[in-house]
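Listed below are the residues making up each chain.
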Amino acid sequence: MIKQRNAQIERMTNETKVYVDINLDGEGKAEIETGVPFMDHMLDLFTKHGLFNATITANGDTHIDDHHTTEDIGIVLGQAVKEALGDKKSIKRYGNAFVPMDDALAQVVIDISNRPHLEFRAQFPTQKVGMFDTELVHEFLWKFALEARMNVHVIVHYGANTHHMIEAIFKALARAIDEAITIDDRVKGVPSTKGLLT
Ligand SMILES: [Mn+2]
């Protein structure tokens, strides 16, 4: 019986209201409704490829732009993942995933280290995907890494289509997390010589 690592977090500000319910030991069931259609698409495939179960809803000031909503989803999702992971006992800790998406190849390498960092090596050929500002991908990932207290390295090795490049990033992030949070019975306690990852 796999233990169910889950968390529910609601956050309300004058700019947004975000709710995340995530089970890291799920099967890829997603219910996503954020008011930012491109993020719905990305979070849907993030959930599917990480084999999480997640409900993610947001109601934000998208009449201004998608910035606050996208940023705040990153914050709440990061907090939820951190809370769901708990004491991090017996996890693999590191994860690395390459994901190709047609022309694009993305790699995400993570360390669930309690030391937040985002290394972002991606240049998108276009500033927009549909209505979505592509600079918000960095914003989302940085806030996610910060709140999840995770070291996240994102490298898009190449690509021609911005939609494909971003999609490959989100899939690779999910798969890197899935690997890093895998329970390895050989790991007794927390996988750190410090004895603590929290
Ligand atoms: Mn797509």
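Preceding block: the structure.
This report concerns the structure included in the present document. (Residues numbered from 1 in each chain as written. Predicted model: local features only at pLDDT ≥ 70, side-chain atom pairs only at ≥ 80, totals over all residues. Heavy atoms only, no water.)

Focus on the coordination of the manganese ion
- The coordination sphere of the manganese ion, as far as protein atoms go, consists of His-41 (NE2), His-163 (NE2) and Glu-167 (OE), spread over 2.1 to 2.2 Å.
- Mapped onto the sequence, the donors of the manganese ion take the spacing H-x121-H-x3-E. Placement of both His-163 and Glu-167 in helix α4 (residues 162–180) is noted, with a separation of four residues, approximately one turn of the helix.
- Judged by relative accessible area, Glu-167 falls into the buried class, the value being 8%. (Donors = N, O, S within 2.8 Å, 3.2 Å for Na, K, Ca; no water. Helix = DSSP H or I, 4+ residues; strand = E, 2+ residues; numbered from the N terminus. Buried < 20%, exposed > 50% of the residue type's maximum accessible area, 1.4 Å probe, protein only.)

Considerations on the pairing of strand β10 (residues 151–158)
- When strand β6 (residues 104–111) meets β10, the two strands line up antiparallel, connected through seven bridges. Bridging across to β10, Ala-106 finds its partner in Val-156.
- In the sheet, strand β7 (residues 117–121) pairs with β10 via five bridges, with the strands oriented parallel. Residue Arg-121 lies in a different strand from β10, and its bridge partner there is Ile-155. (Pairing = 2+ DSSP bridges.)

Section: the pairing of strand β5 (residues 94–101)
- What you see with β5 is a clean split: Gly-95, Ala-97, Val-99 and Met-101 sit on the buried side and Tyr-94, Asn-96, Phe-98 and Pro-100 on the side with no burial.
- Direction of pairing for β5 relative to β6: antiparallel, over a ladder of eight bridges. Counted as the bridge partner of Ala-97 is Val-108 from β6.
- The hairpin turn running from β5 into β6, its antiparallel successor, is two residues long, and Asp-102 in that turn takes a positive phi close to 50°.

Some words on the sheet that holds β10
- In space, the four strands of this open sheet follow the order β5-β6-β10-β7, with mixed pairing throughout. Two strands close off the open sheet at either side, each with one partner strand: β5 and β7. The sheet shows a mean angle of 10° between the axes of neighbouring strands, direction not considered.
- Running over the sheet, helix α3 (residues 136–148) touches β7 and β10 and is turned about 155° from β7. (Axes fitted to C-alpha atoms, helices over the stretch in contact; angles between N-to-C directions. Contact = heavy atoms within 4.5 Å.)

Overview of unusual backbone geometry
- Backbone geometry at Leu-51 places phi at a positive 55°, although glycine is not the residue there.
- Relative to the helices and strands, Leu-51 is located in the loop between α1 (37–50) and β4 (53–60).
- Overall, the relative accessible area of 41% leaves Leu-51 in the partly exposed class.
- Residue Arg-149 is not a glycine yet carries a positive backbone phi of 55°.
- Mapped onto the elements of the fold, Arg-149 is located in the loop between α3 and β10.

Comments concerning the pattern of salt bridges
- Applying the stated criterion across every chain yields a total of 14 salt bridges.
- The partner of Glu-167 in a salt bridge is Lys-171, with the nearest N and O atoms 3.5 Å apart. Linking Glu-167 with Lys-171, this pair stays in helix α4, spanning four residues, or about one helical turn. Lys-171 matches Glu-167 in its accessibility class, with the two residues each being buried.
- When salt bridges with common partners are traced through the structure, they connect Glu-71, Glu-139 and Lys-143 into a single cluster. (Salt bridge = Lys/Arg side-chain N within 4 Å of Asp/Glu carboxyl O.)

A short note on the packing of aromatic side chains
- Scanning the model with the defined rule gives five aromatic pairs in all.
- Their ring planes at 50° and their centres at 5.3 Å tell us that Phe-46 and Phe-52 sit as a pair that is tilted. Just as Phe-46 is buried, Phe-52 falls in that class too.
- Ring centres of Phe-120 and Phe-124 lie 6.2 Å apart, and the angle between their planes is 70°; on these two criteria the pair is classed as edge-to-face.
- Ring pairs connect the aromatic residues Phe-140, Phe-144 and Phe-170, which therefore count as one cluster. (Phe/Tyr/Trp six-rings, centres within 6.5 Å; stacked < 30°, edge-to-face > 60°.)

Quick word on the sheet that holds β4
- Judged by pairing direction, the sheet is mixed, and its four strands sit side by side in the order β1-β2-β4-β3 without closing on themselves. The sheet terminates laterally at β1 (6–12) and β3 (30–33), the two strands that pair on one side only. For this sheet, the mean angle separating the axes of adjacent strands, direction not counted, is 0°.
- Pairing geometry for strand β2 (residues 16–23) and β4, over eight bridges, is antiparallel. Counted as the bridge partner of Ile-22 is Ala-54 from β4.
- Its contacts with the sheet place α1 against β3 and β4, and it is angled at close to 165° to β3.
- In the packing of helix α2 (residues 67–85) onto the sheet, the strands contacted are β1, β2 and β4, and the crossing angle to β2 comes to about 35°.

Honestly, it's all geometry; don't read function into it.
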